[in-house]
Amino acid sequence: MKFVYTEDQTMFRNSADRYGTDHWPATARETVLKDGLAGHCTAWKTMAELGWTLLGISEDRGGLGGSAIDVMALVERLGRHLVTVPFVTNCILVPSLIAEAEEGAFLIEGIAAGKLTAAAGLDEEQGGGSPAYVETIAKRTGSDWHLSGVKAHVEDGGHADWFVISARQAGEVRDADGIGLFLVAADGPGVTVNRYRAIDGHVHARVTLNHAPARALADHGQALPVIERALDLALCAHLAEATGSIEAANEATLEYLKTRKQFGTTIGSFQALQHRAVDMAVAQEEAMAMCWTAAHACCAKGAEAAATRQIAVSAAKVRVGQTGLYVGRQAVQLHGGIGFSEEHIVSHHLRRQMMLDMAHGGQGWHLKRFSQLTQG
């Protein structure tokens, strides 16, 4: 399979490469991460000026209406530079969740302008990655909604101004029907946000809701298909990020093998290490092929599009996760002791691959979904 980007997609890639080189150099990664919220706000302003925040927003909402392949072109480069600004969560996942809801119009405008950030609270403690498992309860009193429950892991929710929360309006915890989507202000009454920094530098959150006021995005209890599609688009973007990270880890390792000397010769001349480098290169090509297949499936339309998309995304999620972890571990090992250090970038690539592998359902959950869909 030949991967060819259009002129516009190449422009996005080049823009992201320059941004990563200028603002997220490997030599200054720890310093950049310590900037915290101030650096986070500055980054969003820059991304808005570059037009990236418009990419995942539909044209009828004033965005660029970018396809999954357009998003892939950009996010792949962000992954290469390990940019921890939550672009996928804020600019792909959330706009996809609220695209059809008038109540979310102000949030989409804020995201597009780089003035508001949002995260999606979809994961429950016992859910195992399934978006259909929802214990959080939505209760209506007159025209007002209130939510109670716990979202155990809100990806990139540490700096969010708003949360898009899935909550059950009817049915049992595993029922596909009865799930609604709601907007909750991060600083609103009844909302407790416990923030924590993960091993890859991203700031996530555990959100506890205690009769928290919420705005209903859709109160018909049929939000699961919207959630599944939005998650698949976000996963596709995460896969692109993983491939960019794999490429960077491979390049750093190959450069090290060419320059590091042992016993008076470069270690890249040892045949055993050459074989491992080739295996890493093959893994990179596999990841890219799976990512492109998933992106094309996410662009498909028609009666069978949802099933085709889910099969392709789950297959890619599993294989890219495997190849990403393989390349990351090999890169660290081939660098020897320095590969484990905070100062060397390959250790950060491995950490990001570990977190991407777990995001929105791990390999086990996606293997199960793939099996169920392909076997009918």
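This text goes with the structure placed above it.
Being a predicted model, the structure only gives us computed values, none of them experimental.

A short note on the pattern of salt bridges
Close approach of charged atoms lets side chains of opposite charge pair.
Point 1. Enumeration over the complete set of coordinates arrives at 15 salt bridges.
Point 2. Its salt-bridge partner being arginine 80, residue glutamate 251 comes within 2.6 Å of it at the nearest N-O pair. Of this pair, glutamate 251 sits in helix H7 (residues 224-259) while arginine 80 is found in helix H4 (residues 68-80), placing the two residues 171 residues apart along the sequence.
Point 3. The structure contains a network of salt bridges with shared partners spanning Arg13, Asp17, Glu76, Arg77, Arg80, Glu247 and Glu251.

A word on the packing of aromatic side chains
Point 1. A full pass over the atoms with the stated rule returns 4 aromatic pairs.
Point 2. Ring geometry for tyrosine 19 versus tryptophan 52: centroids 5.3 Å apart, planes at 80 degrees, classification edge-to-face. Here tryptophan 52 lies in the loop between helix H3 (36-50) and H4 and tyrosine 19 lies in helix H1 (residues 7-23), a separation of 33 residues in the sequence. For the pair shown, tyrosine 19 and tryptophan 52 are each scored as buried.
Point 3. With centroids separated by 5.1 Å and ring planes inclined at 75 degrees, the aromatic side chains of phenylalanine 106 and tryptophan 162 adopt a geometry described as edge-to-face. Here the residue phenylalanine 106 occupies a position in helix H6 (residues 105-112), and tryptophan 162 occupies one in strand E4 (residues 162-168), the gap between them amounting to 56 residues.

Points about the nonpolar core
Inside soluble globular proteins, nonpolar side chains tend to come together where they are buried.
Point 1. Counting residues in hydrophobic clusters, the biggest one holds 88 residues, and the most contacted among them are Trp52, Phe87 and Leu97.
Point 2. Val184, Ala186, Val193 and Ala214 belong to the second-largest nonpolar core, a separate cluster that totals 20 residues.

Thoughts on the environment of alanine 283
Point 1. Considering the arrangement of structural elements, one finds alanine 283 in helix H8 (residues 271-299).
Point 2. Note: C-alpha distance between alanine 283 and glutamine 322 (39 residues apart in sequence) is 8.9 Å.

Remarks on the layout of surface pockets
Point 1. The calculated volume of the largest pocket comes to roughly 780 Å³.
Point 2. The wall of the largest pocket is formed by 36 residues, among which Ser96, Ala99, Glu100, Arg229 and Leu233 lie closest to the centre.
Point 3. At the level of secondary structure, the elements contributing two or more residues to the lining of the largest pocket comprise H4, helix H5 (87-98), strand E7 (203-218), H7, H8 and helix H9 (305-334).
Point 4. For the lining of the largest pocket, the element with the highest residue contribution is H7, accounting for 6 residues.

Definitions and limits used
- Per chain, residues are indexed from 1 in the order of the written sequence.
- Restriction of local features to residues with pLDDT of at least 70 applies here, the model being predicted, together with a cutoff of 80 or more for giving and counting side-chain atom pairs; totals for whole chains, interfaces and linings are based on all residues.
- Excluded from the side-chain calculation are hydrogens and water; included are all heavy atoms of the structure.
- The salt bridge criterion pairs a side-chain nitrogen of Lys or Arg with a carboxyl oxygen of Asp or Glu, the two atoms within 4 Å.
- Elements are defined by DSSP. Helices are runs of H or I of four residues or more, strands are runs of E of two residues or more, and each kind is numbered from the N terminus.
- In this analysis, rings of Phe, Tyr and Trp, with Trp reduced to its six-membered ring, are considered paired at centre separations within 6.5 Å, and the interplanar angle assigns stacked below 30 degrees, edge-to-face beyond 60, and tilted for intermediate values.
- Each residue gets one of three labels from its accessible area relative to the maximum for its type: buried under 20%, exposed over 50%, partly exposed in between, using a 1.4 Å probe on protein chains only.
- The nonpolar core is taken to be a set of buried Ala, Val, Leu, Ile, Met, Phe, Trp, Tyr and Cys residues, with the residues joined through side-chain atoms within 4.5 Å.
- Only protein atoms enter the 1 Å grid used here, on which a cavity is any set of points holding a 1.4 Å probe that cannot leave and a pocket is any open set flanked by protein within 12 Å on both sides along at least five of seven lines; residues with an atom within 4 Å of a point are listed as lining.
- Grid points are joined across faces, edges and corners, and a volume is the space filled by probe spheres set on the points.

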